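Residue-level structural notes
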Amino acid sequence: PDGHFRAFDEKAAGTVRGNGAGVVVLKLLEDAIEDADHIYAVINGSAINNDGRGKVGYSAPGIQGQINVIQTAQAVASITPEAVTYIEAHGTGTKIGDPIEIEGLSEAFQLDNTQKNKCAIGSVKTNIGHLESAAGIAGVTKILFQMKHKKLVPSLHSSVLNPNINFDNTPF
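Rules of the game
- Residues numbered from 1 in each chain as written.
- Predicted model: local features only at pLDDT ≥ 70, side-chain atom pairs only at ≥ 80, totals over all residues.
- Heavy atoms only, no water.
- Core = buried A, V, L, I, M, F, W, Y, C linked by side-chain atoms within 4.5 Å.
- Buried < 20%, exposed > 50% of the residue type's maximum accessible area, 1.4 Å probe, protein only.
- Helix = DSSP H or I, 4+ residues; strand = E, 2+ residues; numbered from the N terminus.
- Contact = heavy atoms within 4.5 Å.
- Phe/Tyr/Trp six-rings, centres within 6.5 Å; stacked < 30°, edge-to-face > 60°.

So, on to the nonpolar core. Ranked by internal contacts, the top residues of the largest apolar core, which has 17 residues, are Phe8, Ile87, Leu105, Phe109 and Phe172. Only α2 (63-77) and α3 (97-109) provide two or more residues apiece to this core. When residues in this core are grouped by element, the largest group, four residues, is from α3. Every residue in contact with Leu105, bar those within four places of it in the chain, is listed here: Ile70, Ile87, Ile121 and Phe172.

Below is the structure:
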């Protein structure tokens, strides 16, 4: 209602739409090395899902679907939750969707109490809105620029955390 996308904030009231497009050129690592290409990042693995009936609604994911896709991506990439230092979240900007996303991420990470608050989290949507079909590539682009510049970009418009998210008991 106020024109601001507030992921993970107590005033989260829905999405702000944006327009955009993006392209990332993917190449096999050995081919990129052989061709002396500039390599911005290496994708070790990925996973996809559709919560279908398991999601809360159109604007909110399902917890179990989130857990499954995150754990599958970690397994495919051969990476442990402890090695992850940043999550580019979907960040629905809604009072229901954001807590579900954080709960799914927390369950998927299954970290012990010594791992709390060790992983940064953000959402590009606070900076540019929800780009619909280009939302994923916008998140990837944000991550690539953060890696290139060795600096995390702030997520905007989050001043008071959503009280339905207990960040103190998450890895984020």
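Here the narrative resumes.
Glancing now at the packing of aromatic side chains. If you walk through the whole model with that rule in mind, you get two aromatic pairs. Arranged with centres 6.2 Å apart and planes meeting at 85°, the rings of Phe8 and Phe167 form a pair that is edge-to-face. In this pair, Phe8 is assigned in the segment before α1 (29-34) and Phe167 in the segment after α5 (135-149), connecting sequence segments 159 residues apart.

The next thing to look at is the side chain of Gln74. Looking at the element boundaries, Gln74 is found in helix α2. The buried category is assigned to Gln74, whose relative accessible area is 10%. Beyond its immediate sequence surroundings of up to four residues, Gln74 is in contact with Ile79, Pro81, Ala108 and Phe109.

Further remarks concern the side chain of Gln66. Inspection of the secondary structure puts Gln66 in helix α2. Setting aside residues no more than four positions away along its own chain, Gln66 makes contact with Asn49, Asp51, Pro61, Glu101 and Gly104.

Moving on, we get to the environment of Thr80. Structurally, Thr80 is set in the loop between α2 and β1 (86-88). According to the relative accessible area criterion, Thr80 is partly exposed, its value standing at 43%.

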